[in-house]
Number of protein chains: 2
Amino acid sequence: MKTRKITLDEKEIPDKWYNIVADMPNKPLPPLHPGTLEPIGPEALAPLFPMELIKQEVTADKWIDIPDEVRNIYSIWRPTPMYRAYGLEKALDTPAKIYYKYEGGSPSGSHKPNTAVPQAYYNKQEGIKRITTETGAGQWGSALSFACQHFDMACDVYMVKISYNHKPYRKMMMNTWGANVFASPTDQTEAGRKILAQDPDSPGSLGIAISEAVEMAATRDDTKYALGSVLNHVLMHQTVIGLEAMKQMEKAGDMPDIIVAPFGGGSNFAGLAFPFLRLNLEEGKNIRCIASEPASCPKLTRGVFRYDFGDTVGMTPLLPMYTLGHDFVPAPIHAGGLRYHGAGVVVSQLLKDKLIEARSHNDPEIFEAGVLFARSEGIIPAPEANHGIATVIAEAKKCKEEGTAKTILFNLCGHGNFDMKAYDDYFSGKIVKHELSQEEIKASLDMLNTPEI
Amino acid sequence: MKTRKITLDEKEIPDKWYNIVADMPNKPLPPLHPGTLEPIGPEALAPLFPMELIKQEVTADKWIDIPDEVRNIYSIWRPTPMYRAYGLEKALDTPAKIYYKYEGGSPSGSHKPNTAVPQAYYNKQEGIKRITTETGAGQWGSALSFACQHFDMACDVYMVKISYNHKPYRKMMMNTWGANVFASPTDQTEAGRKILAQDPDSPGSLGIAISEAVEMAATRDDTKYALGSVLNHVLMHQTVIGLEAMKQMEKAGDMPDIIVAPFGGGSNFAGLAFPFLRLNLEEGKNIRCIASEPASCPKLTRGVFRYDFGDTVGMTPLLPMYTLGHDFVPAPIHAGGLRYHGAGVVVSQLLKDKLIEARSHNDPEIFEAGVLFARSEGIIPAPEANHGIATVIAEAKKCKEEGTAKTILFNLCGHGNFDMKAYDDYFSGKIVKHELSQEEIKASLDMLNTPEI
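Visitor: For this particular structure, what's the right way to read the packing of helix H15 (residues 363-377) of chain A against helix H16 (residues 383-402) of chain A?
Guide: The angle between the axes and the distance between the axes are what describe a pair of packed helices. Residue and element names in this part refer to chain A. For the pair H15 and H16, interaxial distance at closest approach is 8 Å and the crossing angle is 85°. In terms of their interaxial angle, H15 and H16 are classed as roughly perpendicular. Along the contact surface, H15 presents Glu365, Ile366, Phe367, Ala369, Gly370, Leu372 and Phe373, while H16 presents Pro383, Asn386, His387, Ile389, Ala390 and Ile393. Here the contact of H15 with H16 is built from residues that sort into 9 nonpolar, 3 polar and 1 charged.

Visitor: Whenever I open this one, the sheet that holds strand E7 (residues 154-160) of chain B confuses me. Can you help?
Guide: Sheet strands line up and pair through hydrogen bonds in the backbone, either parallel or antiparallel. Residue and element names in this part refer to chain B. With respect to topology, 4 strands assemble into an open sheet ordered E8-E7-E6-E9, the strand pairing being parallel. Across the chains shown, the open sheet's two edge strands, defined by having one partner strand only, are strand E8 (180-184) and strand E9 (223-225). Taken pair by pair, the neighbouring strands of this sheet meet at an average axis angle of 25°, ignoring direction. Where helix H7 (residues 168-176) meets the sheet, its contacts fall on strand E6 (130-135), E7 and E8, and the angle it forms with E7 comes to roughly 170°.

Visitor: Explain the pairing of E7(B) here, please?
Guide: When a strand is regular, its side chains alternate between the sheet's two faces. All names here are of chain B. The buried fraction of E7 is high, at 6 of 7 residues. Here E6 runs beside E7; their pairing, made up of 6 bridges, is parallel. Its bridge partner being in E7, Thr133 is matched across the sheet by Val157. Chirality of the crossover, the property in question, places the unit of E6, helix H5 (residues 139-150) and E7 among those that are right-handed. Inspection of the sheet shows E7 paired to E8 by 5 bridges, in the parallel sense. Among the inter-strand pairings, Met159 is bridged to a residue of E8, identified as Ala183.

Visitor: Got a minute to help me understand the packing of aromatic side chains in this structure?
Guide: The relation between two aromatic rings is expressed through the spacing of the ring centres and the mutual angle of the planes. Residue and element names in this part refer to chain A. For the coordinates displayed, the defined rule picks out 35 aromatic pairs over all chains. On the basis of an interplanar angle of 45° and a centroid distance of 5.3 Å, the ring pair of Tyr18 and Trp63 is categorised as tilted. Taken as a pair, Tyr18 in strand E2 (residues 16-18) and Trp63 in strand E3 (residues 63-65) lie far apart in primary sequence, 45 residues in all. The class of Tyr18 is buried, set by a relative accessible area of 0%. Owing to a relative accessible area of 34%, Trp63 belongs among the partly exposed residues under this scheme.

Visitor: Would you mind showing me how to read the interface of chain A and chain B here?
Guide: Frequently, the measure chosen for interface size is the accessible area removed from exposure when the parts meet. In this assembly, 48 residues from chain A lie in contact with 47 residues from chain B. Summed over both sides, the interface between chain A and chain B buries roughly 4,200 Å², with carbon and sulfur atoms accounting for 54% of that surface. Seen at the junction of chain A and chain B, the total is 0 salt bridges. Across the chain A-chain B interface, the total number found is 24 residue pairs in polar contact (both at pLDDT 80 or more). Secondary-structure elements contributing two or more residues to the side of chain A that touches chain B are helix H2 (68-74), helix H5 (139-150), helix H7 (168-176), H15 and helix H17 (420-427) of chain A. In terms of residues, the side of chain A that touches chain B owes the most to one element, H7(A), which gives 6 residues. Here the residues of the side of chain A that touches chain B are counted per class, giving 22 nonpolar, 13 polar and 13 charged.

Visitor: What exactly am I supposed to notice about the relation of the copies chain A and chain B here?
Guide: The operation relating the two chain copies consists of a rotation about an axis and a shift along that axis. In screw terms, the move from chain A to chain B is a rotation of 180° and a rise of 0.0 Å along the axis, fitting with an RMSD of 0.0 Å. The relationship between the two copies is best expressed as a two-fold rotation axis.

Visitor: Can you help me understand the side chain of Ser444(B) in this one?
Guide: Residues and elements named next belong to chain B. By the element assignment, Ser444 lies in helix H18 (residues 438-446). A relative accessible area of 7% places Ser444 in the buried class. For Ser444, the side chain forms a polar contact with the main-chain nitrogen of Phe328, separated by 3.5 Å. Excluding residues that lie within four positions of it along the chain, Ser444 makes contacts with Leu324, Gly325, Asp327 and Phe328.

About the thresholds
- Residues numbered from 1 in each chain as written.
- Chains lettered and ligands numbered in written order.
- Predicted model: local features only at pLDDT ≥ 70, side-chain atom pairs only at ≥ 80, totals over all residues.
- Heavy atoms only, no water.
- Axes fitted to C-alpha atoms, helices over the stretch in contact; angles between N-to-C directions.
- Helix = DSSP H or I, 4+ residues; strand = E, 2+ residues; numbered from the N terminus.
- Parallel < 35°, antiparallel > 145°, perpendicular 65-115°, else oblique.
- Contact = heavy atoms within 4.5 Å.
- Nonpolar A, V, L, I, M, F, W, Y, C, P; charged D, E, K, R; others polar.
- Pairing = 2+ DSSP bridges.
- Buried < 20%, exposed > 50% of the residue type's maximum accessible area, 1.4 Å probe, protein only.
- Right-handed = clockwise from strand over helix to strand, strands pointing away.
- Phe/Tyr/Trp six-rings, centres within 6.5 Å; stacked < 30°, edge-to-face > 60°.
- Buried area = accessible area lost by both parts, 1.4 Å probe.
- Salt bridge = Lys/Arg side-chain N within 4 Å of Asp/Glu carboxyl O.
- Polar contact = N/O pair within 3.5 Å; in protein donor to acceptor, adjacent residues only side chain to side chain.
- Least-squares fit on C-alpha atoms with pLDDT ≥ 70 in both.

See below:
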């Protein structure tokens, strides 16, 4: 019997996170105050985040200890399995060797709890009683609800109203873990009331939900805010994925030539790729790391590298990132986790320095990839994950054309149990291509009056 | 860090199934022909099942080899993890040690693929091109769709119409794996047309869906039928669960005093319990094995042991089983997998011989148990699994009262990702007790004119 699944023992859960900032040839540029355009220090983050997370956000230390309490909760789903995708290889008739790390076995079904748990832990350590956050499709809100429940903290999730109405199962999941879920815009906040005054039937947006969650945290002593991607400390927490995968590749007696992961704000990609990128930066290896994004939200492949706001309404500091402009509204694709206008600061700098690559895929193509995967490997992937699979398929086909047997590793970041409607839409021909014209992107970027780099 | 998760290596997937019939002091009584009331032989099953499965159905061999091709597919989700439930123990403040085997990590989210895969495999071996089956809530239909896809066979699922309309996600999941899903009753079969002639708006029933699936298989040469529980070979395939769990208990340096599993037709319970029951039968150990059933469908705790049909419309042979009568219609509880009027033959004989125990739980109690579990352990269980958890909680509380530290192991047979509506109903107070009066049970049993034992 061929080995399909490479597992690790509970004792092999990493005890440190990897901070790629320590190894970057060009360090990230500082965030700027939107009023003064001066660099801001970590103290500006204190109303929103606990001190330990702020330290992690700005540190250049290479390794950060993972607390035992966090590893203990990680052990519910970690170490996650790594698979050799024999079925997909056969379906593609490729000489490539394809592996995937599977993060869908966590209680909320994605990689998001890898950072939700430590974020809840550090807040608890500093006496915080309640964490607020926003959620679109619900993956991040579910993960944080699960994490807060474990530390007996309240969790208030501002869920984009249209998602709240369309995705009741995700809301119910959060309720089951004891979280409060509000359809945003609400009348609890200044931001929400302002929107409702203009449009009582507002369907909400991620930008509005962020504004509400941030406002609630900033104006209350016992409450902080948590974000599920983009920030340095969030990306760093996800490196447990790649650190485990490296041990598993060693066990398999193999080493990836190509790493692939879907790209929303960067945490999924960073989680798998950064520990392997370390080998490029430290030991001169040449592992290609490819971020896969939707063609309808192509900040890495068609955006610009400049200062922009992290949110839509302009409440955050200005961050140096690849962006489509903070007013950019992506098409309503099913991969809700990839509908973000910007890329995390660290990933943006790495792309700018040509240390990583990016590729975009259109919507029908990614479902074709997901269905092929489900039928050849068994697991039905989340639509976000299908973007990575589409890149893998393209690379595996290239191997076939060129007659080369590359080793490809990708991040299967979540299962599609809550996304069956998306697959049904695909089968009924309702999934359409979202071609973005150069004019549309230019229109969004033209509205930016933030500093160029 | 305390060990929470006990894992096994892929190489430790069992290479044999355990057949408890070999060790039973009283062997199961034979099935009877409903017309002649004479015992029937295995040849009567030939139109519906491949020869190898018929052999497995009637064999008294103790160990049956698991084919490498089956173990290879098992390795997608097997070995499954076993957990020490520290969170639940703490929440209950009990001296009991609680462990659970988690089967929800399979592609379709339950233990059902453990038998779907070998059933598809043996059909494929014998040249069968298509398998038919029925499904209610969709767990079994999903598992068989996944399995048939792997062997490149067609799969026709007759899904009870009311479930087809209420549970579209399960249908879409089956479609994603390439299965054809029909809302039963259909106009494809005599059975379906007969029902539709009487009632064009019939919501369907599991009994009707079975009739349709059986008719399609019986009348076509290249088509066979598959069942997800009740039959001996199905129960036997599930013993991989208990065989793995025994290795894991050894690794944990512990041994269960009490085994608990939910009970529908018996495969879930048999899967975990039978390998441990072997120790009672062979070595004189005294491990209590408790089957947990819904109070609204209490065949084990309030039914009678007699011959009855396996289906509702009376197409199958007569089987010696604990039954509520094949006309019994259970209340529409969310645990669709436990809404079956009878118990598998082997489990029935074991209960008759007092070698196992049974307990029933009412509906609000099982959701209370499920929510406590989700909040203390992280995983949100399927409603079926909540019945087992309710028994575990009762036993753990007894340990607390008596000051004894029993070791309890239960089967967490599936996740609740497709059952969030059930939890929402619970939180909104819509889940009610289904008290069955003695008259209601008597009324169903009075309609039986099948032989007493």
